[in-house]
Amino acid sequence: MVKIAIMGHGVVGSGVAEVLCSHADNIAKRAKEEIEIKYILDLRDFPDSPLCDRFIKDFSIIEADPEVRIVVETMGGLHPAYDFVKRCLLAGKSVVTSNKELVAAKGAELLAIAQKKNLNFLFEASVGGGIPIIRPMSQCLAANDVIEIAGILNGTTNFILTKMIHDSMDFSDALALAQKLGYAERNPAADIEGQDACRKICILASLAYGRHVYPDQVHTEGITGVTLADVEYADAWGGVIKLIGRVKRAQQEKLSMIVCPMLLSRESQLANVDDVFNGIMVRGDSTGDVVFYGKGAGKLPTASAVVADVIDCVKHFRARKYLFWEEGKEGYVGNYLDDSTSMLIRLRAENAALAAENTEAIFEGAQRLYRKQAPKEELAYIVPEMPEREIRKKLERLEKLGISVPSAIRVANDL
């Protein structure tokens, strides 16, 4: 029998306990061992829980107990999760986590400790919730050179954009609905500002390219600036706006990487990923495009991914799973302004006819877009692909001519 501890009894932690108890026989057959929850660490009391006798408040009990061989961390956040996980590994215990913030910030360090101690540090549930992505990338796609990863990595923002696209809701109303339905937190900043998606693409990039990418290295924009006007112009062009996390190899052993709203053609494999679903495209040199699709969060989907990692740990006590990347380095992610892109730009000017002349002169070959009931002072264009730095300089020229630029959304022509 393998004894484990769970740290955190929130949505995911309680789901892990539920799955382990309700599927105990099947899990034992797959793991070739019975798995027993010895401790559940939480500051709160749960007197009505069938596992009420397992709850503790002192982490050192888990740390000091040699019977506990696997610790599941579902606390979230960096502190005290980082300290507790590190101490578990140093105490000779394998760790499974769903904590994307922890893996994105400290993954290289914790993997190095696990390697040194011949332990496992597994985190399938940290990206995509119940969608299998870490294991397929590290095993099934291991023979490929990963050319690019791009995905819709946050269900909250995808739900909001879906409501804007299909129901013509404005951003604030769609966010309020997401909060009412439990898809968005009371403080939704990590989702709507793109931080959650950034952490996830950092984990995938670290895994794919073998060196840690830190979130503060990645230019990140959320969806708070996306308006119904932008959505309507995207539709006129023949596409939709999605929040995309994207990474690909660049020159000089650097990565090209960004998280931001992007305009996708309706033919894109990611364009029809709607509501709270996630879609992650991995482009391999041998496989071509492989897309992983499903709910990226939720109690039981995420818990199932955590429990799958627990089973993997049990199977690999003697032969550690190879999951590793090197420490990060300064300058590893290139400047996003050097990357080439096309853009959807929305402009405002008192003299729209003159603004159109100036825009078409500055952006030679720009394609003008139209939407119903647009204000007479509003214009929109798809500008040709060029380094973003050049686009920004040209937009500055427009602003000096009295033309304001309320929005500029990158176009992902190759997704």
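Residues numbered from 1 in each chain as written. Predicted model: local features only at pLDDT ≥ 70, side-chain atom pairs only at ≥ 80, totals over all residues. Heavy atoms only, no water.

In the nomenclature of an unreviewed UniProt entry, the protein chain corresponds to Homoserine dehydrogenase from the organism Yeguia hominis. The record held by UniProt for the protein chain lists under Sequence similarities (unreviewed entry) the comment "Belongs to the homoserine dehydrogenase family." According to its UniProt record, the protein chain has this under Catalytic activity (unreviewed entry): "L-homoserine + NADP(+) = L-aspartate 4-semialdehyde + NADPH + H(+)". (UniProt positions renumbered as here; feature names shortened; annotations may be inferred.)

J.: Is there a simple way to explain the packing of aromatic side chains in this structure?
T.: Applying the stated criterion across every chain, the model contains six aromatic pairs. Seen from their ring centres, F46 and F55 are 5.0 Å apart, and the 25° between their planes marks the pair as stacked. What makes F46 partly exposed here is its relative accessible area of 22%. Summarising the aromatic geometry, the rings of F121 and F123 are spaced 5.6 Å apart at their centres and angled 50° between planes, so their arrangement reads as tilted. Each member of the pair, F121 as well as F123, carries the same accessibility label: buried. Grouping aromatic residues by their ring pairs yields a cluster made of F121, F123 and W325. Positioned over the ring face of Y82 is K106, at 4.7 Å from the centre of the ring. Sitting over the ring of F363, K394 keeps its end group 6.0 Å from the ring centre. (Phe/Tyr/Trp six-rings, centres within 6.5 Å; stacked < 30°, edge-to-face > 60°. Buried < 20%, exposed > 50% of the residue type's maximum accessible area, 1.4 Å probe, protein only. Lys NZ or Arg CZ within 6 Å of the ring centre and 35° of its normal.)

J.: When you look at the side chain of K163 in this model, what are you seeing that I'm missing?
T.: Residue position: K163 is located in helix α7 (residues 155-167). Excluding its chain neighbours within four sequence positions, the residues that come into contact with K163 are S168, M169, A174 and L177. (Helix = DSSP H or I, 4+ residues; strand = E, 2+ residues; numbered from the N terminus. Contact = heavy atoms within 4.5 Å.)

J.: Honestly, the side chain of N99 in this entry has me stumped. Any pointers?
T.: Examined against the element boundaries, N99 turns out to sit in the loop between β5 (94-97) and α5 (100-116). Its relative accessible area of 5% is what places N99 among the buried residues. Other than its neighbours up to four places away in sequence, N99 contacts E73, G76, G77, A81 and S126.

J.: Whenever I open this one, the environment of A234 confuses me. Can you help?
T.: As for its position among the elements, A234 is in helix α11 (residues 228-237). Along the sequence, A234 and I409 sit 175 residues apart, while their C-alpha atoms lie 9.6 Å from each other. Setting aside residues up to four positions removed in sequence, A234 forms contacts with G239, V240, I241, L263 and L344.

J.: In this structure, what is going on with the sheet that holds strand β4 (residues 68-73)? I would like to understand it.
T.: By way of backbone hydrogen bonds, the strands of a sheet pair with one another, either parallel or antiparallel. One open sheet holds the six strands; their spatial order is β3-β2-β1-β4-β5-β6, and the pairing between them is parallel. Looking at the sheet topology across the chains shown, the edges are occupied by β3 (55-56) and β6 (121-122). Bridge analysis of β4 against β5 gives four bridges, and the strand direction is parallel. The residue bridging V71 from the neighbouring strand is V95, located in β5. (Pairing = 2+ DSSP bridges.)

J.: Just checking my understanding: could you explain the pattern of salt bridges for this structure?
T.: Where charged atoms from two side chains of opposite charge approach closely, those side chains can pair. Counted according to the given criterion, the structure contains 34 salt bridges. The closest approach of N and O atoms between D312 and R135, which form a salt bridge, is 3.1 Å. Taken together, the residues span a long stretch of sequence, with D312 in helix α12 (residues 299-315) and R135 in helix α6 (residues 134-140) at a distance of 177 residues. When the shortest N-O distance is used, the salt bridge between R283 and D289 registers 2.7 Å. According to the relative accessible area criterion, R283 is buried, its value standing at 17%. A network of salt bridges, in which partner residues are shared, links D230, E232, R346, R348, R371, E377 and E378. (Salt bridge = Lys/Arg side-chain N within 4 Å of Asp/Glu carboxyl O.)

J.: How should the UniProt feature "binding site: L-homoserine" (unreviewed entry) in the protein chain be read in this particular structure?
T.: When the UniProt feature table is mapped onto this chain, "binding site: L-homoserine" (unreviewed entry) is found at E185. Among the secondary structure elements, E185 is positioned in the loop between α8 (171-180) and α9 (189-192). E185 sits in the exposed class, given a relative accessible area of 55%.

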